[in-house]
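Secondary and tertiary structure notes
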Amino acid sequence: MLDPNDADTAYVIPEESYEYHYSPHGRFAVYRTTDGGETWTPLTRGLPDRAWAAVLREASSSDERSVYFGTQSGSFFVLGDDDEWVEAARHLPPILSVEVAPWSE
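A brief look at the structure comes next. Since the structure is predicted, the reported quantities are computational estimates derived from the model, not experimental observations. (Residues numbered from 1 in each chain as written. Predicted model: local features only at pLDDT ≥ 70, side-chain atom pairs only at ≥ 80, totals over all residues. Heavy atoms only, no water.)

**A short note on the overall build of the protein**
The helix and strand tally for the protein stands at zero helices and eight strands. Along the chain direction, N to C, the helices and strands of the protein fall in the order β-β-β-β-β-β-β-β. At 13 Å, the protein has a C-alpha radius of gyration in line with the 13 Å of a compact globule built from 105 residues. In terms of overall dimensions, the protein has C-alpha extents of about 40 × 35 × 25 Å along its principal axes. Expressed as a percentage of the 105 residues in the protein, the buried residues total 33%. Considering only contacts within the protein whose residues lie at least 6 apart along the sequence, 41% involve residues at least 24 apart. For the protein, the exposed area adds up to about 7,100 Å²; of that, 49% sits on carbon and sulfur atoms. For the protein, the separation between the mean place of its 7 positive charges and that of its 19 negative charges on side chains is 8 Å. (Helix = DSSP H or I, 4+ residues; strand = E, 2+ residues; numbered from the N terminus. Rg over C-alpha atoms; globule rule 2.2 N^0.38 Å. Buried < 20%, exposed > 50% of the residue type's maximum accessible area, 1.4 Å probe, protein only. Contact = heavy atoms within 4.5 Å. Areas by Shrake-Rupley, 256 points an atom, 1.4 Å probe, with all protein chains shown as cover. Lys, Arg positive; Asp, Glu negative; His and termini not counted. Charge placed at Lys NZ, Arg CZ, Asp CG, Glu CD.)

**Focus on a nonpolar patch on the surface**
Taken together, the side chains of Val12, Tyr31 and Trp40 define a hydrophobic patch exposed on the protein surface, amounting to about 250 Å² of accessible area. Following the sequence through the fold, Val12 ends up in strand S2 (residues 6-12). (Patch = residues over 30% accessible without salt bridge, like charges linked within 9 Å, V, L, I, M, F, W, Y side chains within 5 Å. Salt bridge = Lys/Arg side-chain N within 4 Å of Asp/Glu carboxyl O.)

**Remarks on the sheet that holds strand S8 (residues 85-89)**
Strand order in the open sheet made by the four strands is S5-S6-S7-S8, with antiparallel pairing throughout. Pairing within the sheet leaves two strands with one partner each, and these edge strands are strand S5 (60-62) and S8. If you compare each strand with its neighbour and ignore which way they point, the axes differ by 20° on average. Pairing of strand S7 (residues 76-79) with S8, which is carried by four bridges, proceeds in the antiparallel orientation. Along S8, the bridge assignment pairs Val78 with Val86. (Pairing = 2+ DSSP bridges. Axes fitted to C-alpha atoms, helices over the stretch in contact; angles between N-to-C directions.)

Structure (structure tokens):
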């Protein structure tokens, strides 16, 4: 997923393979590049240490404030301050799609 404010920034959640849609070696991570893909940094703080998680292609999104994704096992994560993931909800049905919309108060 691409950062809407910075063309050089992107996030990737790797899978074991095209056939096996879960985190490689049971290590769940989101990787970020800020230099157009030259280097990638794992963002794992706040994510489970060991997890065979799967994130579907449409189950992630971003806006000016954060990055969001949901897993097939029903957890919903938000990238918080200091590059730490916050599990905002759990025990949901499988999350197939995430959309971000502005919130007006």
